[in-house]
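Residue-level listing of the chains:
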Amino acid sequence: MSVSADSQHHVHHAGVDYYFCCAGCGSKFESDPIKYLEPREPEPADPGAWYTCPMDPEVRQLGPGTCPKCGMALETEMPSLEDDGNPELTDFSRRFWWTLPFSFAVFILAMFGHGREWVPAHWQNWIELMLAVPVVLWAGRPFLERGVQSIVNRSPNMWTLIGLGTSAAFTYSVVATLAPQLFPESFVVNGRVGVYFEAAAVIISLTLVGQIFELKARAQTSSAIKALLQLAPKTARRIDDDGGESDVPIETIQLGDRLRVTPGETIPVDGDVVEGNSSIDESMLTGEPLPVSKHPGDKVIGATMNTSGSLIIVAKHVGAESTLAQIVNLVAQAQRSRAPLQRLADIVAGYFVVTVVSIAVLTLIIWGLLGPQPSWVYGLINAVSVLIIACPCALGLATPMSIMVATGRAASKGILFRDAAAIEQLREVDILVVDKTGTLTLGRPSLLKTIALADHSEEEVLRLAASIDQSSEHPLAKAIVESARAQQLQLEAVSNFDSASGIGVTATLLSDEGNTHQLALGNTALMRQLGVEMKDFANQADDLRRGGASVVFLAMEQTLLGLLAVADPIKESTPIALQELRDSGLR
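Heads up: these notes are all about the structure in this document.

## Focus on helix 3 (residues 87-112)
Phase 1 of the analysis: Under the 1.5 Å per step criterion, the end-to-end length of helix 3 is 37 Å for 26 residues, consistent within 8% with the ideal 38 Å.
Phase 2 of the analysis: For helix 3, the principal kink sits at Thr 99 and spans about 45°; a proline, Pro 101, occurs within the next four residues.
Phase 3 of the analysis: Along helix 3, the positions that sit buried rather than exposed are Glu 88, Leu 89, Asp 91, Phe 92, Arg 95, Phe 96, Thr 99, Ser 103, Val 106, Leu 109 and Ala 110.

Next comes the structure, spelled out in structure tokens:
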């Protein structure tokens, strides 16, 4: 698309202004201008990587190639972010578009050129031959090679039928053009032997279209794996033995390396916290939207997000041993696994091809002996029709393609299947266990209720609690501060803020009279640690907890002022979704 200089989204690079349709496109360009200004050719396939067949996962080999069973191009077992595209898709697309005009021309000439004298009758076969040669011998070469390979390997498949059908039609037509005297008079129509170059050319073009659609669908299934791979950072900040720090590629991290992770950064690898305190967003793994507090001795998982404090971790699992790598491998294995139904389809397809070839031979013989003149011409065309129309491509591809699409879409929704059999057994499920937080609820805590002692107002309790929570990064603290600001309460400045290791926070409040007051906001453990009596709120706090709320107490100078209940609201769509699940028979 074209973008005018009036666009408000532009980036200045190397003395030139570049304009974009939206801010997203501009940010992509700004992050890596060379990628767009100097596009690279796709890198050649890694000959040392393991490749496998998407339809027959038991076929594995080092380097690219074709499957000896089905003839399909092998794919890397593990997609990478560096994959710039499918070379087979690029090749087939080029073959299709470059030869489509030839297929179209030979089709029009063969179907509508008779009797119209567009070209001299004795030249028409030669013209059709010249138009069909690049289509059949160049564009169709991969299909013909796969057909020969299927016969050599005694593994009949869809390429066997396509190869036999197109080869028969093309070979017959070539002989009819080069040596028409070899054919009996009954084969001559309008002064020339009838040829069927258009049948071979159109079949090749249509097969190319089908392969392009299939390859695009297969490419989309790997997008879920690539999305998981993108969760991992490209670099990590390593702390050297001399205390110096440097950013290094994630691939160079070794077991035992000390790494610094600052707020807002992604945890580079699985490891143990050795210094610092923070909250980690582990929703990519657990689905829980609330960050988890981490302290020295706790474990952290690579690709999770550090939301608040700075941490120093020691790498414990790197590369293929990391949690993220194992998840990616699980998705890849599930996409390549075979469902029980697919085994039946493979057996049927094997017998089906042999049966179709036999029927095609019988068709040729019966039409040749009993059909109207020119009977053998009709017999040949009908035999080719049997071979092409009965191609079992849908039978062989339907199940594996559905498995690949299902696992890919499920992974993008946070659902992982161990193998294809699990997907097939899903229809037998009658009980569904659903996680609450972030699934049935919004995943964003909000203030549910504020309770104050008799000599304090609820507004005063909320104002003081929000004043101390201004310095906290905890999700519950953010909910309290947002509620106070929504009510336009005037928050106070505090000093000596201290986070009490996940049980609450303390700070010093300076009143208008110049007096200082010690404030504490936290759970039962913090109140007991400070010697605050909570019996006045014990029953109310228990009732709120049973309702799913998190309760925090506010105290000043070891005197309880009130409590605040924070809860994760139920989504508006939850009741409807649950009712639909019940209506479908799930419990």
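## A look at the sheet that holds strand 5 (residues 75-76)
Phase 1 of the analysis: On the basis of which strands lie adjacent, the open sheet formed by three strands has the order 4-3-5 and antiparallel pairing. With partners counted over all chains shown, the strands left at the sheet margins are strand 4 (60-62) and strand 5, one partner each.
Phase 2 of the analysis: As paired elements, strand 3 (residues 50-52) and strand 5 share two bridges and run antiparallel to each other. By the bridge assignment for strand 5, Thr 52 is matched with Glu 75.

## Looking at the side chain of Thr 524
Phase 1 of the analysis: The residue Thr 524 is located in helix 17 (residues 524-530) in this model.
Phase 2 of the analysis: Side chain to side chain, Thr 524 and Arg 545 meet in a polar contact 3.2 Å long.
Phase 3 of the analysis: Setting aside chain neighbours within four positions, we find Thr 524 in contact with Met 534, Arg 545 and Phe 553.

## Structural notes on the packing of aromatic side chains
Phase 1 of the analysis: Inspection of the entire model under this criterion finds four aromatic pairs.
Phase 2 of the analysis: Ring centres 5.6 Å apart and planes at 75° place the aromatic pair Phe 92 and Phe 143 in the edge-to-face group. Linking Phe 92 in helix 3 with Phe 143 in helix 5 (residues 141-152), this pair joins segments that are 51 residues apart in sequence. For the pair formed by Phe 92 and Phe 143, the shared burial category is buried.
Phase 3 of the analysis: Here the aromatic rings of Phe 96 and Trp 97 are separated by 4.9 Å at their centres, their planes lie at 70°, and the arrangement is edge-to-face.
Phase 4 of the analysis: With a relative accessible area of 56%, Trp 97 lands in the exposed category.
Phase 5 of the analysis: Positioned above the aromatic ring of Trp 138, the side-chain terminus of Arg 95 is 5.1 Å from the ring centre.

About the criteria used
- Residues numbered from 1 in each chain as written.
- Predicted model: local features only at pLDDT ≥ 70, side-chain atom pairs only at ≥ 80, totals over all residues.
- Heavy atoms only, no water.
- Helix = DSSP H or I, 4+ residues; strand = E, 2+ residues; numbered from the N terminus.
- Expected span 1.5 Å × (residues − 1).
- Bend = angle between axes of the 7 residues up to and from the residue.
- Buried < 20%, exposed > 50% of the residue type's maximum accessible area, 1.4 Å probe, protein only.
- Pairing = 2+ DSSP bridges.
- Polar contact = N/O pair within 3.5 Å; in protein donor to acceptor, adjacent residues only side chain to side chain.
- Contact = heavy atoms within 4.5 Å.
- Phe/Tyr/Trp six-rings, centres within 6.5 Å; stacked < 30°, edge-to-face > 60°.
- Lys NZ or Arg CZ within 6 Å of the ring centre and 35° of its normal.

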